[in-house]
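Here is how the chains run, residue by residue.
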Amino acid sequence: MKRKDLILHLIGEISNFLLESDPRRLVISLHQEENGLHLCVLDENPHTKEELEKIDLALNSKKRPELAGYYGSMTGHDMLGSSRLNLLGWQVKHCDVASIGSGIKIDIWLGGDAFQNDQFTIPDKAADN
Amino acid sequence: MGAFFVTGIAVDGFEKAFTGFASLQLRPARLISDFVSDRGIGAALLNATAVGLTGLALILIAKVQLSGATFAAILTMMGFALFGKTPVNILPIIFGVYLAGKLVGKTFSEYLIIALFGTALGPVVSMVTVEMGLTGLSAVAVGTGAGIATGFILPAIAVSVLHFHQGYSLYNIGLTCGFFALFGAAFLRAGGYEFQGLMLWDTDNSAVLVYMIPVLSVILIATGVFSAGKNSWKDLLAIQKHSGRLPSDFMDLESMGGALINAGLMGLFGSAYIFVIGGDFNGPTIGGLLTIIGFGAFGTHLKNSWPVVVGVIVAALIFGKPLSAPGVLLAAIFCTTLGPIAGAFGILAGFIAGFIHLVLVHQTGSWQGGMNLYNNGFAGGLTATLMVSTIAWYRSKNSGFK
């Protein structure tokens, strides 16, 4: 899969999730490097603490290559029905979920084997993943 | 697996079970070849043990954790080893999937699920080796080559057909293999080959087979209750709220205990259904029950299954087909592949899906020459594609802007 397609599908899935709660504003920011990328998505809808925990759990789920390599192809592609953040979680390097003012901020880092932590503003622990 | 092995030896004795197991490796395996009827319970159970161990070994080699998906894969492999899969006819397919992964730079773990479920096309290997008039080493070489080529193409199709139904049919590899077998059968027919119908269906209803699944189900429920403790029933109820759409790993989403209880309940209700309608407990039906138990940890539960099963039953009654007839009975068990349709879009959608499924599944077997063991997965995938396309089209009628 070309990188452009991958990015489109990532944005599709995470946007699908946030658009389910019909926010008035949704901001998507992308930072690309040769071996990785950082995607930041913000909305302005209120989210409960339990919701944040659920999102964090789905996005930082254990790496599942056997599911990511096969079912991961549905990420941001098959949109009939509710979004599935775990499809993203199996593939990414690290995710941060935070409440900001009236909304939510989701940071996603994704990259290959040569992913370089220092090229991004990312917590150190992600480099070990 | 150990229980299967011990039971197999206990029922038929060591020599008969092993001789039967060995001879199964060179038997036709297309639908419907009930190995219990062909070579006895002992041989069939030993074969299921060997196929299950092969799957387990692959999971360990790929260093993948045991989960809902792998639990479903192992039980499905063992189930279908009672009527079609053998170690000899599945290994070339698995090797083909491995080679495909190598070509596109994927690790074997990334294609593991496709490799395990893709063994549904094992009968291709058996058919080329023993049914097409080839002899000796050339038969083995051509059969093995056909299996490797088959496995090689599976990942490409599996990923593509997943988008047809968007994960609303659980047995996606059934659609994958059916799609491939459709072309294979067409080419063979074009070359003048005529598929002979096979129908080996055991009707002895041995007590071992009748009680096997209920006992296994009770063990799973007890293990689940022990594992999840106080939360087991809460987790079971939480599982019923999931649509079951692929990939729904209930062990991950809720808990291993809840998933095992759900799996055990699927086995108990499935067995009760066969008992009530007076169906046969044999290789194919036990295989079906093992499959729904497996998928009880990966998408199937009672709440999303019953509307689909009712749809199959009503269709059978309307079209005058006995509920205990082999095709109808297997459809009632395997139609649970469409559970996510009911889980996501409601009871009526599930009922319609089940109704269509029964009508279609009676045709798909002959289309693909019986080479794809997951014939219900094939029909279910096509049914889900029809349902999902229609629902998606209907929902596109209004963008929501005033």
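This text follows the structure it describes.
Residues numbered from 1 in each chain as written. Chains lettered and ligands numbered in written order. Predicted model: local features only at pLDDT ≥ 70, side-chain atom pairs only at ≥ 80, totals over all residues. Heavy atoms only, no water.

Participant: I would appreciate a short explanation of the overall build of chain B in the present structure.
Facilitator: Looking only at helices and strands, one finds 20 helices and 0 strands in chain B. A compact globule built from 402 residues would reach a C-alpha radius of gyration of about 21 Å, and chain B, at 20 Å, matches this within 12%. With the principal axes as the frame, chain B shows a C-alpha extent of 70 × 50 × 45 Å. The buried share of chain B, reckoned over its 402 residues, is 59%. The long-range share in chain B, meaning contacts at least 24 apart out of those at least 6 apart in sequence, stands at 79%. Surface accessibility of chain B: about 15,300 Å² in total, with carbon and sulfur atoms responsible for 70%. If you average the places of the 18 positive and of the 14 negative side-chain charges in chain B, the two averages end up 14 Å apart. (Helix = DSSP H or I, 4+ residues; strand = E, 2+ residues; numbered from the N terminus. Rg over C-alpha atoms; globule rule 2.2 N^0.38 Å. Buried < 20%, exposed > 50% of the residue type's maximum accessible area, 1.4 Å probe, protein only. Contact = heavy atoms within 4.5 Å. Areas by Shrake-Rupley, 256 points an atom, 1.4 Å probe, with all protein chains shown as cover. Lys, Arg positive; Asp, Glu negative; His and termini not counted. Charge placed at Lys NZ, Arg CZ, Asp CG, Glu CD.)

Participant: In this structure, what is going on with the packing of helix α1 (residues 2-12) of chain B against helix α4 (residues 41-61) of chain B? I would like to understand it.
Facilitator: Relative orientation and spacing of two packed helices are given, respectively, by the angle between their axes and the distance between those axes. Residues and elements named next belong to chain B. Two elements in contact, α1 and α4, have axes separated by 8 Å at closest approach and are oriented at 160 degrees. Taken together, the axes of α1 and α4 are roughly antiparallel relative to one another. Where α1 crosses over α4, the handedness of that crossing is left-handed. Between α1 and α4, the residues in contact are F4, F5, T7, G8, I9, V11 and D12 and I41, G42, A43, L45, L46, A48 and T49, respectively. Per-class residue counts for the contact of α1 with α4 are 9 nonpolar, 4 polar and 1 charged. (Axes fitted to C-alpha atoms, helices over the stretch in contact; angles between N-to-C directions. Parallel < 35°, antiparallel > 145°, perpendicular 65-115°, else oblique. Left-handed = near helix turned anticlockwise from the far one by under 90°. Nonpolar A, V, L, I, M, F, W, Y, C, P; charged D, E, K, R; others polar.)

Participant: What is the right way to read the interface of chain B and chain A from this model?
Facilitator: Quite often, the size of an interface is put as the accessible area lost when its parts meet. Counting residues at the interface gives 30 residues for chain B and 20 residues for chain A. If you sort the residues of chain B by the area they bury against chain A, H163, R245 and P247 of chain B come out on top, with a joint share of 26%. On inspection of chain B and its partner chain A, the count reaches 2 salt bridges. The closest approach of N and O atoms between D249 of chain B and R64 of chain A, which form a salt bridge, is 2.9 Å. If you list the elements that add at least two residues to the side of chain B that touches chain A, you get α7 (112-117), α9 (136-165), α10 (172-190), α13 (250-253) and α20 (375-395) of chain B. Taken together, the residues of the side of chain B that touches chain A sort by class into 18 nonpolar, 7 polar and 5 charged. (Buried area = accessible area lost by both parts, 1.4 Å probe. Salt bridge = Lys/Arg side-chain N within 4 Å of Asp/Glu carboxyl O.)

Participant: Whenever I open this one, the side chain of D12 of chain B confuses me. Can you help?
Facilitator: Residue and element names in this part refer to chain B. Relative to the assigned elements, D12 resides in helix α1. There is a polar contact of 3.4 Å between the side chain of D12 and the backbone nitrogen of I41. In this structure the side chain of D12 is engaged in a polar contact, spanning 2.8 Å, whose partner is the backbone nitrogen of G42. Once you skip the residues sitting within four places of it in the chain, D12 turns out to touch A17, G40, I41, G42 and A43. (Polar contact = N/O pair within 3.5 Å; in protein donor to acceptor, adjacent residues only side chain to side chain.)

Participant: Help me understand the sheet that holds strand β2 (residues 36-43) of chain A, please; the structure alone is not making it clear to me.
Facilitator: Strands belonging to one sheet form pairs held by backbone hydrogen bonds; the direction of such a pair is parallel or antiparallel. Residues and elements named next belong to chain A. Within the open sheet, the 4 strands sit side by side as β1-β2-β4-β3. Their pairing is antiparallel. On the outer flanks of this sheet lie β1 (26-33) and β3 (94-100), each paired with one strand and no other. Across the sheet, the axes of successive neighbouring strands diverge by a mean angle of 10 degrees, strand direction being ignored. (Pairing = 2+ DSSP bridges.)

Participant: I keep staring at a negative patch on the surface and nothing clicks. Help me out?
Facilitator: Together, E50, E51, E53 and D56 of chain A line one region of the surface with negative charge. Here E50 of chain A is to be found in helix α2 (residues 49-59). (Patch = residues over 30% accessible without salt bridge, like charges linked within 9 Å, V, L, I, M, F, W, Y side chains within 5 Å.)

Participant: I would appreciate a short explanation of the packing of aromatic side chains in the present structure.
Facilitator: Each aromatic ring pair is specified by the distance between its two centres and by the angle formed by the two planes. Residue and element names in this part refer to chain B. Within the structure shown, the criterion is met by 21 aromatic pairs over all chains. With 6.0 Å between their ring centres and 65 degrees between their planes, Y98 and F108 make a pair best called edge-to-face. Of this pair, Y98 sits in helix α6 (residues 87-103) while F108 sits in the loop between α6 and α7, and the two are 10 residues apart along the sequence. Taken together, a centroid distance of 6.5 Å and an interplanar angle of 80 degrees make the contact between W367 and F378 edge-to-face. (Phe/Tyr/Trp six-rings, centres within 6.5 Å; stacked < 30°, edge-to-face > 60°.)

Keep in mind these values describe shape, not function.
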